[in-house]
Structure formats: C-alpha cells, structure tokens
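Understanding the architecture of this molecule
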Amino acid sequence: MTDNIDGRLRIAVVIGSVRTPRMADSLAAWLERELAAVGWLELDLIDLAAVSLPMHAMQPGGAGGSPISGRLADADGFVFLTPEYNHSFPAALKNAIDWHFTEWAYKPVAFVAYGSSGGIRAVEQLRSVMPELRATTVREAVLIPMAWEHLDAGGRFVPPPGTAQALHVTMDELRTWASALRSVRLPDPAGRQ
C-alpha cells in the first residue's frame, strides 16, 4: 500500500461494463463531476474496457501479471460502477474480481448500480462475493433505475432527485470504513502480504 501524504483516501472507481456503446461512460463522467470537490478523496477511475485481463491467464489467488494490480493495491476503498445484466453483474467485473485477491482484502466496497431495477440484483450478488475476498461492503448504495432516461441531448447524465444525495451518503459511509480499515491492513492479519 502506498501512503497518501496529504491524508486523503484513495478510492478506485471500477467501471464494470465493457460494452460499446454503454451507459457507464455518462455515469462515470457524472461521478467524476460530483466527487471532484470532495476534499478527502483521491479518485482513480479504472475502466475495465481498457484493461486486458484474459480469462485463460487467471491464476488461483490472483495473477501477478495484472495491469491494474498496483492501482487496486494502492486503493483504500472501491466504488463499483455496475450495470445489471440478466439479474446479475457483468462477467467483466467478476473476471476482474477473480484476477485479484490480496488487493481487495480489508477494504470497503460501495456500489453505484443501474438497470431497469436500479441494479439492485447486481449489488446483492456482489455483496455475497466480496466477503470471500476479505472485503466489506457498505450498507448504502446508489441505485439508478432507467438511467438512460436521464440523459440530456448531449448524452450527459442528469441525476434524478435524490441521486446526488444518495451518492454523498454512500461516500461518507465508504470514508468511515476506509479510514477504520486502513490500520487493519498493516500488518495483514491473514499473513498474505
């Protein structure tokens, strides 16, 4: 883990959709705009569409050749920006989770999800996956039903009422957990570092 000298928490936003075109681009841009003024965090957007993580190269316990391993390891917490596909989360996101192991340990994960049902089923499934990697999920989440109906003429996401507030509540909870868990990770209680 790299120490952040100014005391801010490094939060990695993992963009789980790799489709083209995709709603994730407008939502990621909104997240960047909305969180730009939050003084306690340093944001790192990790776009899985721009990362090569071939399934045939995955190894048990995480793969050493991951191009994003260092960025995930340096993060104090995560936000998964995920659509809901067929009542679940995308295969690309599961692949990225499975490619890594210690990078997730003792860190919190928050969710910004979207889909016809707001992505709730994707979030619920992710909540059952992450504890196996010793990550904790925060209770709050941002669920955006029919996000595509909230784009302006230029394709920019215009959040429905309450969405920005839900994001800031979620980020406050993520901050609490990320701060608390930072001390637990040194040394790693599971002895893997």
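Notes on the structure in this doc start here. (Residues numbered from 1 in each chain as written. Predicted model: local features only at pLDDT ≥ 70, side-chain atom pairs only at ≥ 80, totals over all residues. Heavy atoms only, no water.)

1. Considerations on the packing of helix H1 (residues 24-35) against helix H5 (residues 163-182)
For any two helices packed against each other, the geometry comes down to the angle between their axes and how far apart the axes lie. Contact pair H1 / H5: the axes reach a minimum separation of 11 Å and the direction vectors enclose 70°. Our classification of the angle between H1 and H5 gives roughly perpendicular. Handedness of the crossing formed by H1 with H5: right-handed. Contact with H1, carried on its side by Trp30, Leu31, Glu34 and Leu35, involves Thr163, Ala164, Leu167, His168 and Met171 of H5 and no other residues of that element. (Axes fitted to C-alpha atoms, helices over the stretch in contact; angles between N-to-C directions. Helix = DSSP H or I, 4+ residues; strand = E, 2+ residues; numbered from the N terminus. Parallel < 35°, antiparallel > 145°, perpendicular 65-115°, else oblique. Left-handed = near helix turned anticlockwise from the far one by under 90°. Contact = heavy atoms within 4.5 Å.)

2. Points about the packing of aromatic side chains
Geometry of an aromatic ring pair is reported as the spacing of the ring centres plus the angle between the planes. In this structure the tally under the stated criterion is four aromatic pairs. Between Phe78 and Trp104, the aromatic rings sit 4.8 Å apart at their centres with planes inclined by 65°, giving edge-to-face as the arrangement. Of this pair, Phe78 sits in strand E3 (residues 77-83) while Trp104 sits in the loop between helix H3 (91-99) and strand E4 (108-115); the two residues are 26 residues apart in sequence, bridging distant segments of the chain. As far as the burial class goes, Phe78 and Trp104 line up, both buried. Summarising the aromatic geometry, the rings of Phe80 and Trp104 are spaced 5.7 Å apart at their centres and angled 85° between planes, so their arrangement reads as edge-to-face. Note that Phe80 is positioned in strand E3 and Trp104 in the loop between H3 and E4, a separation of 24 residues in sequence. You'll find Phe80 and Trp104 in the same group, each marked buried. We note Arg19 situated over the ring of Tyr85; from NZ or CZ to the ring centre the distance is 3.6 Å. (Phe/Tyr/Trp six-rings, centres within 6.5 Å; stacked < 30°, edge-to-face > 60°. Buried < 20%, exposed > 50% of the residue type's maximum accessible area, 1.4 Å probe, protein only. Lys NZ or Arg CZ within 6 Å of the ring centre and 35° of its normal.)

3. Points about the pairing of E4
The element E4 is largely enclosed, with a buried count of eight among its eight residues. Residues Pro108, Ala110, Val112 and Tyr114 line one face of E4 and the alternating positions Val109, Phe111, Ala113 and Gly115 line the opposite face, and both faces are buried. With six bridges joining them, E3 and E4 adopt parallel strand pairing. For Thr82, the partnering residue across the bridge sits in E4 and is Ala113. Where E4 and strand E5 (residues 136-137) come together, two bridges link them in parallel fashion. Within E5, the position partnered with Pro108 by the bridge is Thr136. Two strands pair when backbone bridges link them, and E4 and strand E6 (residues 142-145) are joined in this way by four bridges, in the parallel orientation. Across the sheet, the residue bridging to Tyr114 is Ile144, located in E6. (Pairing = 2+ DSSP bridges.)

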